[in-house]
Amino acid sequence: MPITPTINHSSPPQHGSSAGIGSPPLGRDGESLRTTGRLSEDRPRGSGSGNAPTGQTLSQPPPAHPTNRNLNNAPHTGERPINQNIPPTSVSQPTQIPRQNPTNAPQYHHNGPQTPPPQTNNQTPTERARNGRKTRANIKVATLNVRGRTSPTLGQTQTSKWVAINRAMRDQKIGILCIQETHLCPEHMTQIDNLYARRLRVMNSSDPDRPGCSAGIAFVLNREITNTENATMQVIIPGRAAVLSINWHQDKRINILNIYAPNNLSDHKAFWDKIRTEWQRLNLATPDLMLGDFNLTEDPIDRAPARPDHEGAIDALRDLRNTLNVQDRWRLDHPHRRLFTFSSAQQTLSRLDRIYASTRHAESLIDWDAQISQIPTDHHMVSVRFAPPGVPHIGKGRWSWPLSLMTDENLLKRVSEMGITAQNEMEDIVIRSEETNPQKTWTTFKQNISDVAKDVAKTHLCKINQRIKALMKDLKKTAN
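Each chain carries its own residue numbering, running from 1 in the direction its sequence is written. In keeping with the model being predicted, local features are shown solely for residues with a pLDDT of at least 70 and side-chain atom pairs are shown and tallied solely at 80 or more, while totals for entire chains, interfaces and linings include all residues. The side-chain quantities take in all heavy atoms of the structure and omit both hydrogens and water.

J.: Which parts of the structure should I look at to understand unusual backbone geometry?
T.: What you tend to see is this: most non-glycine residues have negative phi, and most peptide bonds are trans. For the peptide bond that leads from A304 to P305, omega is -5°, which places it in the cis range. Only runs of H or I of at least four residues qualify as helices and only runs of E of at least two qualify as strands under DSSP, and these elements are numbered from the N terminus. Note on placement: P305 falls in the loop between β11 (303–304) and α7 (311–324). Of note, the phi angle at E181 is positive, near 55°, even though the residue is not glycine. By the secondary structure assignment, E181 is in the loop between β4 (176–180) and α5 (186–196). Exposed residues in this analysis have more than 50% of their type's maximum accessible area, buried residues have under 20%, and partly exposed residues fall in between, with area computed by a 1.4 Å probe over protein chains only. A relative accessible area of 16% means that E181 is categorised as buried. A positive phi is found at Q347, a non-glycine position, where the angle reads about 65°. Residue position: Q347 is located in the loop between β13 (342–343) and β14 (349–350). Its relative accessible area of 69% is what places Q347 among the exposed residues.

J.: How do you make sense of the confidence of the model for the chain when you look at a structure like this?
T.: When pLDDT drops low, the exact placement of atoms in the prediction is not to be read closely. With 69% of its residues at a pLDDT of at least 70, the chain reaches an overall mean of 77. On a scale of 0 to 100, pLDDT captures the predictor's confidence in every residue. By definition, residues are in contact when any of their heavy atoms lie within 4.5 Å. Counting interchain partners and residues more than four positions distant, the pLDDT-below-50 stretch residues 1–121 has 125 contacts. Low pLDDT (under 50) marks residues 123–131, which in the prediction has eight contacts with non-local residues, meaning those over four places away or in another chain.

J.: Please explain the sheet that holds β11 as it appears in this structure.
T.: Paired through backbone hydrogen bonds, the strands of a sheet run either parallel or antiparallel to each other. Reading across from one edge, β11-β14-β13 is the order of the three strands in this open sheet, with antiparallel pairing throughout. Pairing within the sheet leaves two strands with one partner each, and these edge strands are β11 and β13. Pairs of strands are assigned from DSSP output, requiring at least two bridges between the strands. Across two bridges, the pairing between β11 and β14 is antiparallel. Looking across to β14, one finds that A304 is bridged to L349.

J.: How do you make sense of the nonpolar core when you look at a structure like this?
T.: For soluble globular proteins, nonpolar side chains are generally found buried alongside one another. Grouping buried Ala, Val, Leu, Ile, Met, Phe, Trp, Tyr and Cys residues that are joined through side-chain atoms within 4.5 Å yields what is termed a nonpolar core. Judged by nonpolar contacts, the single largest core of 28 residues is most densely connected at I176, F219, L221, L244 and I256. The contact partners of L244, leaving out residues within four places of it in the chain, are I176, M203, F219, L221, A231, T232, I254, N255 and I256. Grouped together as the second largest cluster of nonpolar side chains are 22 residues, V243, A316, L320 and V326 included.

Shown next, in the form of C-alpha coordinates:
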(Lines give C-alpha, C1' and ligand atoms only; values in the text may rest on other atoms or scores of the structure.)
Protein backbone atom coordinates (compact mmCIF):
# COMPACT_ATOMS: atom_id res chain seq x y z
CA MET A 1 0.00 0.00 0.00
CA PRO A 2 1.54 3.37 -0.94
CA ILE A 3 2.28 5.72 1.91
CA THR A 4 0.77 9.19 1.72
CA PRO A 5 3.08 11.85 3.18
CA THR A 6 1.53 14.48 5.35
CA ILE A 7 2.92 17.90 6.08
CA ASN A 8 2.43 19.65 9.38
CA HIS A 9 1.44 23.31 8.99
CA SER A 10 2.07 24.26 12.56
CA SER A 11 4.71 26.82 13.50
CA PRO A 12 8.15 25.95 12.06
CA PRO A 13 10.95 25.13 14.47
CA GLN A 14 12.69 28.10 15.99
CA HIS A 15 16.23 28.98 15.07
CA GLY A 16 18.63 26.63 16.80
CA SER A 17 15.98 23.95 17.58
CA SER A 18 16.92 20.31 17.13
CA ALA A 19 14.94 18.84 14.28
CA GLY A 20 15.26 15.24 13.08
CA ILE A 21 18.15 14.22 10.86
CA GLY A 22 15.77 13.76 7.95
CA SER A 23 13.99 17.08 8.48
CA PRO A 24 13.39 19.05 5.29
CA PRO A 25 15.44 22.25 4.86
CA LEU A 26 13.79 25.46 5.87
CA GLY A 27 13.18 28.34 3.48
CA ARG A 28 13.45 32.06 4.02
CA ASP A 29 10.32 32.26 6.21
CA GLY A 30 10.98 29.02 8.05
CA GLU A 31 8.59 26.84 6.02
CA SER A 32 9.60 23.59 4.39
CA LEU A 33 11.06 23.97 0.93
CA ARG A 34 9.09 20.89 -0.10
CA THR A 35 5.78 22.65 0.52
CA THR A 36 6.69 25.86 -1.28
CA GLY A 37 8.02 24.29 -4.46
CA ARG A 38 11.26 26.28 -4.22
CA LEU A 39 13.36 23.15 -3.83
CA SER A 40 12.58 21.88 -7.33
CA GLU A 41 12.61 25.36 -8.90
CA ASP A 42 16.04 26.24 -7.52
CA ARG A 43 17.56 22.83 -8.39
CA PRO A 44 18.00 21.89 -12.08
CA ARG A 45 16.10 18.91 -13.38
CA GLY A 46 17.92 15.66 -13.25
CA SER A 47 19.91 16.48 -10.10
CA GLY A 48 19.03 13.74 -7.68
CA SER A 49 18.44 15.00 -4.16
CA GLY A 50 16.97 11.97 -2.46
CA ASN A 51 13.91 14.00 -1.51
CA ALA A 52 11.80 13.61 -4.63
CA PRO A 53 12.04 11.75 -7.94
CA THR A 54 14.23 13.32 -10.58
CA GLY A 55 12.54 15.94 -12.76
CA GLN A 56 9.46 16.21 -10.56
CA THR A 57 7.78 19.56 -9.90
CA LEU A 58 6.29 20.02 -6.46
CA SER A 59 2.81 21.34 -5.98
CA GLN A 60 1.80 24.74 -4.65
CA PRO A 61 1.56 25.08 -0.86
CA PRO A 62 -1.88 24.20 0.54
CA PRO A 63 -3.80 26.83 2.46
CA ALA A 64 -2.71 27.33 6.07
CA HIS A 65 -4.65 25.11 8.48
CA PRO A 66 -3.80 24.02 12.02
CA THR A 67 -4.36 20.34 11.19
CA ASN A 68 -2.55 17.98 8.86
CA ARG A 69 -4.00 17.64 5.41
CA ASN A 70 -3.81 14.80 2.94
CA LEU A 71 -2.25 15.97 -0.30
CA ASN A 72 -4.46 13.57 -2.27
CA ASN A 73 -7.46 15.77 -1.58
CA ALA A 74 -5.72 19.03 -2.53
CA PRO A 75 -7.38 20.93 -5.39
CA HIS A 76 -5.77 20.77 -8.80
CA THR A 77 -3.50 23.78 -9.37
CA GLY A 78 -2.45 23.13 -12.92
CA GLU A 79 0.89 21.52 -11.92
CA ARG A 80 1.93 17.91 -11.86
CA PRO A 81 0.80 16.23 -8.61
CA ILE A 82 3.39 15.03 -6.14
CA ASN A 83 4.55 11.44 -6.48
CA GLN A 84 2.89 9.29 -3.86
CA ASN A 85 5.57 6.53 -3.97
CA ILE A 86 8.03 8.32 -1.72
CA PRO A 87 9.92 6.16 0.74
CA PRO A 88 8.83 6.69 4.32
CA THR A 89 12.31 7.88 5.32
CA SER A 90 12.46 10.68 2.73
CA VAL A 91 10.05 12.95 4.64
CA SER A 92 10.47 13.36 8.36
CA GLN A 93 8.26 15.32 10.68
CA PRO A 94 9.86 18.47 12.10
CA THR A 95 10.04 18.97 15.80
CA GLN A 96 6.59 19.80 17.05
CA ILE A 97 6.37 23.35 18.41
CA PRO A 98 3.15 24.50 20.05
CA ARG A 99 1.40 27.19 18.10
CA GLN A 100 1.56 30.66 19.58
CA ASN A 101 -1.15 33.24 19.68
CA PRO A 102 -0.52 35.24 16.46
CA THR A 103 -1.67 38.46 18.10
CA ASN A 104 0.74 38.25 21.02
CA ALA A 105 3.67 36.19 19.76
CA PRO A 106 6.72 38.02 18.46
CA GLN A 107 7.46 37.39 14.81
CA TYR A 108 11.02 36.35 13.93
CA HIS A 109 12.78 35.60 10.68
CA HIS A 110 14.64 32.28 10.65
CA ASN A 111 17.47 33.23 8.36
CA GLY A 112 19.68 34.85 10.99
CA PRO A 113 20.13 35.61 14.67
CA GLN A 114 16.87 36.25 16.44
CA THR A 115 16.45 39.59 18.16
CA PRO A 116 13.24 40.75 19.82
CA PRO A 117 11.45 43.55 18.00
CA PRO A 118 11.76 47.05 19.53
CA GLN A 119 9.10 48.08 21.96
CA THR A 120 6.32 50.13 20.47
CA ASN A 121 6.08 53.73 21.65
CA ASN A 122 5.28 57.15 20.30
CA GLN A 123 8.87 57.97 19.32
CA THR A 124 10.16 57.90 15.81
CA PRO A 125 12.92 55.38 14.91
CA THR A 126 15.47 58.22 14.80
CA GLU A 127 14.49 59.38 18.28
CA ARG A 128 14.63 55.83 19.64
CA ALA A 129 18.15 55.43 18.24
CA ARG A 130 19.32 58.60 20.00
CA ASN A 131 18.05 57.59 23.44
CA GLY A 132 20.66 56.17 25.74
CA ARG A 133 23.52 57.70 23.74
CA LYS A 134 26.90 57.36 25.42
CA THR A 135 28.30 60.87 25.53
CA ARG A 136 31.98 61.75 25.71
CA ALA A 137 33.63 62.73 28.96
CA ASN A 138 34.97 65.92 27.30
CA ILE A 139 32.98 68.22 25.08
CA LYS A 140 33.86 71.13 22.83
CA VAL A 141 31.89 74.31 23.54
CA ALA A 142 32.03 77.35 21.25
CA THR A 143 30.47 80.78 20.85
CA LEU A 144 29.97 82.87 17.72
CA ASN A 145 28.05 85.95 16.67
CA VAL A 146 26.67 84.78 13.31
CA ARG A 147 25.32 88.25 12.41
CA GLY A 148 22.02 87.12 10.95
CA ARG A 149 20.70 84.02 9.24
CA THR A 150 21.51 84.80 5.59
CA SER A 151 24.60 85.42 3.49
CA PRO A 152 24.71 86.31 -0.23
CA THR A 153 27.77 84.11 -0.67
CA LEU A 154 25.84 81.01 0.48
CA GLY A 155 22.63 81.44 -1.49
CA GLN A 156 19.39 83.35 -1.54
CA THR A 157 17.43 81.22 0.94
CA GLN A 158 16.15 82.69 4.20
CA THR A 159 18.44 80.44 6.28
CA SER A 160 21.48 80.14 4.02
CA LYS A 161 24.02 80.50 6.87
CA TRP A 162 22.71 77.36 8.51
CA VAL A 163 24.32 75.28 5.79
CA ALA A 164 27.69 76.51 7.08
CA ILE A 165 26.62 76.10 10.72
CA ASN A 166 25.69 72.47 10.12
CA ARG A 167 29.00 71.86 8.32
CA ALA A 168 31.03 73.53 11.09
CA MET A 169 29.35 71.45 13.78
CA ARG A 170 30.17 68.29 11.84
CA ASP A 171 33.73 69.08 10.72
CA GLN A 172 34.97 70.65 13.98
CA LYS A 173 33.08 68.17 16.19
CA ILE A 174 31.49 70.93 18.25
CA GLY A 175 29.16 69.60 20.92
CA ILE A 176 27.44 72.86 21.92
CA LEU A 177 27.53 76.07 19.86
CA CYS A 178 26.12 79.25 21.40
CA ILE A 179 25.25 81.79 18.72
CA GLN A 180 24.07 85.39 18.83
CA GLU A 181 22.16 87.61 16.39
CA THR A 182 20.19 84.66 15.05
CA HIS A 183 17.28 86.74 13.61
CA LEU A 184 15.00 83.68 13.57
CA CYS A 185 11.22 83.74 13.28
CA PRO A 186 9.01 80.65 13.88
CA GLU A 187 8.88 79.89 10.15
CA HIS A 188 12.68 79.96 9.98
CA MET A 189 12.90 77.54 12.91
CA THR A 190 10.54 75.19 11.12
CA GLN A 191 12.69 75.26 8.00
CA ILE A 192 15.87 74.61 10.01
CA ASP A 193 14.27 71.68 11.84
CA ASN A 194 13.11 70.15 8.56
CA LEU A 195 16.60 70.37 7.05
CA TYR A 196 18.98 69.70 9.92
CA ALA A 197 17.03 67.97 12.72
CA ARG A 198 18.92 64.74 12.14
CA ARG A 199 22.20 66.26 13.42
CA LEU A 200 21.21 69.50 15.13
CA ARG A 201 18.80 70.46 17.85
CA VAL A 202 18.27 74.23 17.94
CA MET A 203 16.87 76.01 21.01
CA ASN A 204 16.24 79.64 20.09
CA SER A 205 15.10 82.77 21.90
CA SER A 206 14.05 85.60 19.59
CA ASP A 207 13.72 89.31 20.17
CA PRO A 208 10.06 89.92 21.13
CA ASP A 209 9.75 93.15 19.13
CA ARG A 210 11.71 92.41 15.93
CA PRO A 211 12.44 88.67 15.81
CA GLY A 212 13.49 88.58 12.16
CA CYS A 213 15.95 91.46 12.09
CA SER A 214 17.32 92.09 15.58
CA ALA A 215 19.12 90.24 18.37
CA GLY A 216 18.20 86.61 19.08
CA ILE A 217 20.30 83.89 20.73
CA ALA A 218 20.31 80.13 20.30
CA PHE A 219 21.93 76.94 21.54
CA VAL A 220 22.87 74.56 18.74
CA LEU A 221 23.35 71.00 20.03
CA ASN A 222 25.14 68.31 18.07
CA ARG A 223 23.05 65.15 18.41
CA GLU A 224 26.00 62.99 17.32
CA ILE A 225 28.08 64.06 20.34
CA THR A 226 25.73 65.28 23.08
CA ASN A 227 22.71 63.75 24.75
CA THR A 228 19.94 66.19 23.84
CA GLU A 229 17.04 64.19 25.25
CA ASN A 230 16.58 66.12 28.52
CA ALA A 231 18.07 69.47 27.48
CA THR A 232 16.11 72.48 28.73
CA MET A 233 16.44 76.24 28.16
CA GLN A 234 15.41 78.94 30.63
CA VAL A 235 14.99 82.37 29.04
CA ILE A 236 16.12 85.24 31.28
CA ILE A 237 15.87 88.16 28.82
CA PRO A 238 14.20 87.21 25.51
CA GLY A 239 16.63 87.42 22.64
CA ARG A 240 19.47 88.48 24.95
CA ALA A 241 20.15 85.99 27.75
CA ALA A 242 19.20 82.34 28.32
CA VAL A 243 20.64 79.40 30.24
CA LEU A 244 20.92 75.83 28.93
CA SER A 245 20.80 72.79 31.21
CA ILE A 246 21.89 69.54 29.57
CA ASN A 247 23.05 66.07 30.51
CA TRP A 248 26.79 66.05 30.12
CA HIS A 249 28.31 62.71 31.07
CA GLN A 250 26.58 59.85 32.88
CA ASP A 251 24.35 61.55 35.49
CA LYS A 252 26.07 64.95 35.46
CA ARG A 253 24.52 68.16 34.12
CA ILE A 254 26.06 71.42 33.03
CA ASN A 255 24.52 74.90 32.90
CA ILE A 256 25.63 77.32 30.18
CA LEU A 257 24.60 80.98 30.08
CA ASN A 258 24.43 82.50 26.59
CA ILE A 259 24.76 86.31 26.45
CA TYR A 260 24.22 88.92 23.73
CA ALA A 261 24.76 92.32 25.33
CA PRO A 262 23.40 95.59 23.88
CA ASN A 263 25.57 97.62 21.54
CA ASN A 264 24.95 100.83 23.47
CA LEU A 265 27.26 100.91 26.51
CA SER A 266 24.84 103.14 28.39
CA ASP A 267 22.35 100.24 28.46
CA HIS A 268 24.80 97.76 29.93
CA LYS A 269 24.35 98.56 33.63
CA ALA A 270 20.61 97.93 33.51
CA PHE A 271 21.18 94.82 31.39
CA TRP A 272 23.66 93.16 33.77
CA ASP A 273 21.63 94.17 36.82
CA LYS A 274 18.50 92.61 35.34
CA ILE A 275 20.27 89.30 34.67
CA ARG A 276 21.53 89.21 38.27
CA THR A 277 18.07 90.01 39.63
CA GLU A 278 16.29 87.44 37.46
CA TRP A 279 18.88 84.79 38.30
CA GLN A 280 18.27 85.23 42.00
CA ARG A 281 14.49 85.42 41.57
CA LEU A 282 14.36 82.17 39.56
CA ASN A 283 16.78 80.55 42.02
CA LEU A 284 18.88 79.11 39.19
CA ALA A 285 21.94 76.95 39.78
CA THR A 286 25.38 78.47 39.41
CA PRO A 287 26.41 78.31 35.74
CA ASP A 288 29.40 76.25 34.70
CA LEU A 289 30.07 78.49 31.68
CA MET A 290 29.01 82.02 30.71
CA LEU A 291 29.82 82.93 27.13
CA GLY A 292 28.71 85.05 24.21
CA ASP A 293 29.14 88.48 22.64
CA PHE A 294 29.51 90.93 25.53
CA ASN A 295 30.03 94.09 23.40
CA LEU A 296 32.33 95.16 26.20
CA THR A 297 35.93 94.61 27.29
CA GLU A 298 37.07 94.61 30.91
CA ASP A 299 40.75 95.37 30.24
CA PRO A 300 42.33 97.98 27.94
CA ILE A 301 44.66 95.28 26.59
CA ASP A 302 41.65 93.70 24.88
CA ARG A 303 41.31 96.61 22.47
CA ALA A 304 43.54 97.95 19.72
CA PRO A 305 44.16 100.82 20.01
CA ALA A 306 44.12 100.16 23.76
CA ARG A 307 41.50 102.10 25.70
CA PRO A 308 39.21 101.49 28.69
CA ASP A 309 35.48 100.92 28.23
CA HIS A 310 32.54 102.47 30.08
CA GLU A 311 33.35 102.21 33.80
CA GLY A 312 29.75 101.75 34.95
CA ALA A 313 29.17 98.94 32.46
CA ILE A 314 32.36 97.17 33.56
CA ASP A 315 31.40 97.42 37.24
CA ALA A 316 27.94 95.97 36.55
CA LEU A 317 29.44 93.07 34.60
CA ARG A 318 31.91 92.33 37.38
CA ASP A 319 29.11 92.39 39.96
CA LEU A 320 27.28 89.77 37.91
CA ARG A 321 30.46 87.68 37.61
CA ASN A 322 30.93 87.76 41.37
CA THR A 323 27.32 86.69 41.92
CA LEU A 324 27.63 83.80 39.47
CA ASN A 325 31.19 82.98 40.61
CA VAL A 326 32.67 82.90 37.09
CA GLN A 327 35.97 84.28 35.80
CA ASP A 328 37.81 84.90 32.54
CA ARG A 329 40.05 81.83 32.59
CA TRP A 330 41.80 82.60 29.32
CA ARG A 331 42.88 86.06 30.52
CA LEU A 332 44.08 84.62 33.84
CA ASP A 333 46.17 82.04 31.99
CA HIS A 334 47.51 84.63 29.48
CA PRO A 335 47.73 87.93 31.38
CA HIS A 336 49.96 89.70 28.84
CA ARG A 337 48.76 88.21 25.56
CA ARG A 338 46.56 90.08 23.11
CA LEU A 339 43.83 88.28 21.19
CA PHE A 340 41.04 89.86 19.18
CA THR A 341 37.74 88.36 18.03
CA PHE A 342 36.09 91.31 16.27
CA SER A 343 37.23 93.85 13.70
CA SER A 344 35.10 96.94 13.09
CA ALA A 345 34.69 99.04 9.99
CA GLN A 346 36.86 101.71 11.64
CA GLN A 347 39.84 99.31 11.63
CA THR A 348 39.70 98.74 15.39
CA LEU A 349 40.14 95.37 17.06
CA SER A 350 38.59 94.04 20.27
CA ARG A 351 38.00 90.84 22.25
CA LEU A 352 34.24 91.03 22.59
CA ASP A 353 33.56 87.29 22.41
CA ARG A 354 34.65 85.52 25.58
CA ILE A 355 34.06 82.39 27.65
CA TYR A 356 33.82 82.71 31.44
CA ALA A 357 34.02 79.57 33.58
CA SER A 358 33.15 78.69 37.14
CA THR A 359 36.04 78.76 39.58
CA ARG A 360 35.59 75.04 40.27
CA HIS A 361 36.45 74.29 36.62
CA ALA A 362 39.80 76.06 36.61
CA GLU A 363 41.60 72.80 35.75
CA SER A 364 38.91 71.47 33.41
CA LEU A 365 39.37 73.77 30.38
CA ILE A 366 41.87 72.89 27.65
CA ASP A 367 42.47 73.63 23.96
CA TRP A 368 41.49 77.30 23.95
CA ASP A 369 41.08 78.62 20.42
CA ALA A 370 39.87 81.70 18.57
CA GLN A 371 39.81 81.45 14.80
CA ILE A 372 38.08 82.73 11.71
CA SER A 373 34.91 80.73 11.18
CA GLN A 374 33.70 79.19 7.96
CA ILE A 375 30.36 80.83 8.78
CA PRO A 376 30.37 84.29 7.11
CA THR A 377 30.55 86.88 9.91
CA ASP A 378 32.81 89.62 11.25
CA HIS A 379 33.43 87.78 14.54
CA HIS A 380 35.81 84.94 15.33
CA MET A 381 34.63 81.67 16.83
CA VAL A 382 35.93 81.17 20.38
CA SER A 383 36.02 77.59 21.64
CA VAL A 384 37.29 75.51 24.52
CA ARG A 385 37.24 71.84 25.43
CA PHE A 386 35.55 71.08 28.72
CA ALA A 387 37.36 68.06 30.20
CA PRO A 388 37.08 67.37 33.95
CA PRO A 389 40.07 66.20 36.00
CA GLY A 390 40.60 62.45 36.06
CA VAL A 391 39.66 61.88 32.43
CA PRO A 392 42.27 59.73 30.62
CA HIS A 393 44.60 61.76 28.43
CA ILE A 394 43.96 61.36 24.71
CA GLY A 395 47.10 61.83 22.64
CA LYS A 396 47.58 62.63 18.99
CA GLY A 397 47.03 59.03 17.88
CA ARG A 398 49.19 56.82 15.73
CA TRP A 399 51.64 58.27 13.25
CA SER A 400 50.56 58.23 9.62
CA TRP A 401 52.28 59.08 6.38
CA PRO A 402 51.95 62.73 5.31
CA LEU A 403 50.01 62.89 2.06
CA SER A 404 52.77 64.93 0.44
CA LEU A 405 55.10 61.90 0.58
CA MET A 406 52.82 59.82 -1.64
CA THR A 407 54.20 61.62 -4.72
CA ASP A 408 57.88 61.32 -3.75
CA GLU A 409 59.27 59.04 -6.46
CA ASN A 410 62.56 58.38 -4.66
CA LEU A 411 60.74 57.30 -1.50
CA LEU A 412 58.35 55.06 -3.44
CA LYS A 413 61.29 53.46 -5.24
CA ARG A 414 63.01 52.68 -1.94
CA VAL A 415 59.80 51.20 -0.53
CA SER A 416 59.42 48.98 -3.60
CA GLU A 417 62.98 47.71 -3.25
CA MET A 418 62.48 46.98 0.43
CA GLY A 419 59.23 45.18 -0.38
CA ILE A 420 60.92 42.96 -2.97
CA THR A 421 63.66 42.11 -0.46
CA ALA A 422 61.06 41.19 2.18
CA GLN A 423 59.14 39.05 -0.32
CA ASN A 424 62.32 37.14 -1.27
CA GLU A 425 63.11 36.52 2.39
CA MET A 426 59.64 35.06 2.97
CA GLU A 427 59.96 32.81 -0.08
CA ASP A 428 63.37 31.52 1.10
CA ILE A 429 61.98 30.35 4.44
CA VAL A 430 62.12 26.53 4.53
CA ILE A 431 61.59 25.77 8.21
CA ARG A 432 59.38 28.08 10.23
CA SER A 433 60.44 29.02 13.73
CA GLU A 434 59.76 31.75 16.27
CA GLU A 435 62.61 33.80 14.87
CA THR A 436 62.20 32.96 11.18
CA ASN A 437 58.67 33.23 9.79
CA PRO A 438 56.73 35.45 7.35
CA GLN A 439 55.05 37.37 10.20
CA LYS A 440 58.41 38.49 11.59
CA THR A 441 59.58 39.52 8.13
CA TRP A 442 56.39 41.47 7.45
CA THR A 443 56.59 43.31 10.80
CA THR A 444 60.21 44.26 10.14
CA PHE A 445 59.31 45.50 6.66
CA LYS A 446 56.54 47.79 7.98
CA GLN A 447 58.80 49.21 10.66
CA ASN A 448 61.59 49.88 8.16
CA ILE A 449 59.42 51.75 5.69
CA SER A 450 57.91 53.83 8.55
CA ASP A 451 61.38 54.83 9.71
CA VAL A 452 62.40 55.78 6.18
CA ALA A 453 59.20 57.81 5.69
CA LYS A 454 59.72 59.70 8.96
CA ASP A 455 63.26 60.67 7.93
CA VAL A 456 62.05 61.90 4.54
CA ALA A 457 59.14 63.78 6.17
CA LYS A 458 61.52 65.67 8.45
CA THR A 459 63.50 66.82 5.43
CA HIS A 460 60.42 67.82 3.42
CA LEU A 461 58.50 69.52 6.22
CA CYS A 462 61.39 71.20 7.98
CA LYS A 463 61.34 74.32 5.79
CA ILE A 464 57.56 74.52 5.88
CA ASN A 465 57.43 74.27 9.67
CA GLN A 466 60.13 76.89 10.05
CA ARG A 467 58.18 79.25 7.80
CA ILE A 468 54.98 78.70 9.78
CA LYS A 469 56.77 79.36 13.09
CA ALA A 470 58.27 82.57 11.72
CA LEU A 471 54.86 83.81 10.55
CA MET A 472 53.23 82.99 13.89
CA LYS A 473 56.01 84.80 15.71
CA ASP A 474 55.53 87.89 13.54
CA LEU A 475 51.78 87.73 14.09
CA LYS A 476 52.20 87.68 17.89
CA LYS A 477 54.63 90.61 17.71
CA THR A 478 52.11 92.60 15.64
CA ALA A 479 49.24 91.88 18.03
CA ASN A 480 51.23 92.61 21.16
